[in-house]
Amino acid sequence: MAVVAGLTGLRTPPDLTVAVLEEALRAVSAHAAVTQLPDQTVLGLVTAPPEVDVPGALRAAADALAPGLGTGRLSIGVSAPATGVATLPGAVAEARHAHRSAHGRTAVVCSTELASHQLLLARVPADAREAFRDRLLGPLIAYDRAHDADLVRTLGEFLDCGGSWSRCAERLHVHVNTLRYRISRVETLTGRDLTRFEDRVDFFLALRLSR
């Protein structure tokens, strides 16, 4: 499985995060490899027997390391078990998402503890996610740039309001007729129908991928 860790709140060399994760993983398995990532987080790949509670072992290790971290905050994200090399990119994406959800002085979050569409998207290759997002939102982004419009934001608010015309218009501070015109432009530019649940779901996911 994949483990992503970050150490913040300290003015120390980035290598310290590598050392901290290596120390924590020793409590899990002797079969682990750790490397630093470009965003200053650290990635660990670990192989452990099925009976080993990896998140639990990492929590105990993080608590044991806490006194030596001073004002530092250690956050760790753990993926679900990966089955084969082909699943590693998805596992790393899961661990990254879990890491972003870890808050506290020493926090360990496993992706299996999170119920979110983001975990499903994490298993999709990055180029496929980008293509999906660009295919749905590309025409709207181009229209907004060319006409100084606000279609992407309007679409997001409309979905957040559950398709309620009055509530969405109130949030955007526009007349309902203006909102209807914008949504009709969204549908015309994308070929989608926002009365269809499937199309709303597609737009919801595309908007989340653009954040």
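In short, a report on the structure.

The rules we used
Residues numbered from 1 in each chain as written. Predicted model: local features only at pLDDT ≥ 70, side-chain atom pairs only at ≥ 80, totals over all residues. Heavy atoms only, no water. Buried < 20%, exposed > 50% of the residue type's maximum accessible area, 1.4 Å probe, protein only. Helix = DSSP H or I, 4+ residues; strand = E, 2+ residues; numbered from the N terminus. Pairing = 2+ DSSP bridges. Axes fitted to C-alpha atoms, helices over the stretch in contact; angles between N-to-C directions. Contact = heavy atoms within 4.5 Å. Expected span 1.5 Å × (residues − 1). Polar contact = N/O pair within 3.5 Å; in protein donor to acceptor, adjacent residues only side chain to side chain. Phe/Tyr/Trp six-rings, centres within 6.5 Å; stacked < 30°, edge-to-face > 60°. Lys NZ or Arg CZ within 6 Å of the ring centre and 35° of its normal. Lys, Arg positive; Asp, Glu negative; His and termini not counted. Salt bridge = Lys/Arg side-chain N within 4 Å of Asp/Glu carboxyl O. Disulfide = S-S within 2.5 Å. Parallel < 35°, antiparallel > 145°, perpendicular 65-115°, else oblique. Nonpolar A, V, L, I, M, F, W, Y, C, P; charged D, E, K, R; others polar.

**Looking at the pairing of strand 4 (residues 73-78)**
Logical step 1: Among the six residues of strand 4, five are classified as buried, and the element is accordingly described as predominantly covered.
Logical step 2: Across six bridges, the pairing between strand 1 (residues 2-8) and strand 4 is antiparallel. Paired with Leu7 across the strands is Leu74, a residue of strand 4.

**Digging into the sheet that holds strand 3 (residues 42-46)**
Pairing between the strands of a sheet comes from backbone hydrogen bonds, and it takes one of two forms, parallel or antiparallel.
Logical step 1: Taken together, five strands build an open sheet; the order of strands is 2-3-1-4-5 and the sheet is mixed. Where the open sheet ends on each side, the last strands, each with one partner, are strand 2 (32-36) and strand 5 (106-110). Averaged over all neighbouring strand pairs, the angle between strand axes comes to 15 degrees, with direction disregarded.
Logical step 2: Two elements, strand 4 and strand 5, share five bridges in a ladder whose sense is parallel. Following the sheet pairing, Gly77 is matched in strand 5 by Val109.
Logical step 3: Together, strand 1, strand 4 and strand 5 form the strand contacts of helix 2 (residues 54-65), whose direction differs from that of strand 5 by roughly 175 degrees.
Logical step 4: In this fold helix 3 (residues 88-100) packs onto strand 1, strand 3, strand 4 and strand 5, with an angle of close to 35 degrees to the strand it touches most, strand 1.

**Overview of helix 2**
Logical step 1: The terminal C-alpha atoms of helix 2, which comprises twelve residues, lie 16 Å apart, in line with the 16 Å expected from a rise of 1.5 Å per residue.
Logical step 2: Among the structural elements, strand 1, helix 1 (15-26), strand 4 and strand 5 are those in contact with the buried residues of helix 2.
Logical step 3: A side-chain oxygen of the first residue of helix 2 lies 3.1 Å from the backbone nitrogen of Gly56; this N-cap is Asp53.

**Overview of the packing of aromatic side chains**
Logical step 1: In total, this model carries one aromatic pair according to the counting rule given.
Logical step 2: Summarising the aromatic geometry, the rings of Phe158 and Trp165 are spaced 4.9 Å apart at their centres and angled 50 degrees between planes, so their arrangement reads as tilted.
Logical step 3: The class for Phe158 is buried, based on a relative accessible area of 2%.
Logical step 4: Here the guanidinium or amino end of Arg180 rests over the ring plane of Trp165, the centre of that ring lying 4.3 Å away.

**Some remarks on the side chain of Ser111**
Logical step 1: Following the sequence through the fold, Ser111 ends up in the loop between strand 5 and helix 4 (117-122).
Logical step 2: When its relative accessible area of 3% is taken as the criterion, Ser111 is described as buried.

**Some thoughts on the pairing of strand 1**
Logical step 1: With six of seven residues buried, strand 1 lies mostly within the body of the structure.
Logical step 2: Bridging between strand 1 and strand 3 involves four bridges; their strand directions are antiparallel. Within strand 3, the residue paired with Ala2 across the bridge is Leu45.

**Points about the side chain of Arg182**
Logical step 1: Following the sequence through the fold, Arg182 ends up in helix 8 (residues 176-190).
Logical step 2: One buried charged residue, Arg182, remains without a salt bridge, the closest side chain of opposite sign being Asp150 at 4.3 Å.

**Comments concerning the state of the cysteines**
Logical step 1: On inspection of all chains with the given rule, the structure shows zero disulfides.
Logical step 2: Distance from the sulfur of Cys161, which forms no disulfide, to the nearest cysteine sulfur (Cys168) is 4.7 Å.

**Overview of the pattern of salt bridges**
Logical step 1: For the structure shown, the criterion picks out ten salt bridges.
Logical step 2: Across the salt bridge formed by Glu23 and Arg26, the nearest N and O atoms sit 2.5 Å from each other. Of this pair, Glu23 and Arg26 are both found in helix 1, three residues apart, which corresponds to roughly one turn of the helix.
Logical step 3: For Arg26, a relative accessible area of 56% translates into the label exposed.
Logical step 4: Among the charged side chains, a salt-bridge network with shared partners connects Arg192, Arg196, Glu198, Asp199 and Asp202.

**Focus: the packing of helix 6 (residues 151-160) against helix 8**
Logical step 1: Between helix 6 and helix 8, the least distance of the axes is 10 Å, while the angle of their chain directions is 105 degrees. What the angle tells us is that helix 6 and helix 8 run roughly perpendicular. Facing helix 6, whose interface residues are Leu151, Thr154, Leu155 and Phe158, helix 8 presents Leu179, Arg182, Ile183, Arg185, Val186 and Leu189.
Logical step 2: Taken together, the residues of the contact of helix 6 with helix 8 break down into seven nonpolar, one polar and two charged.

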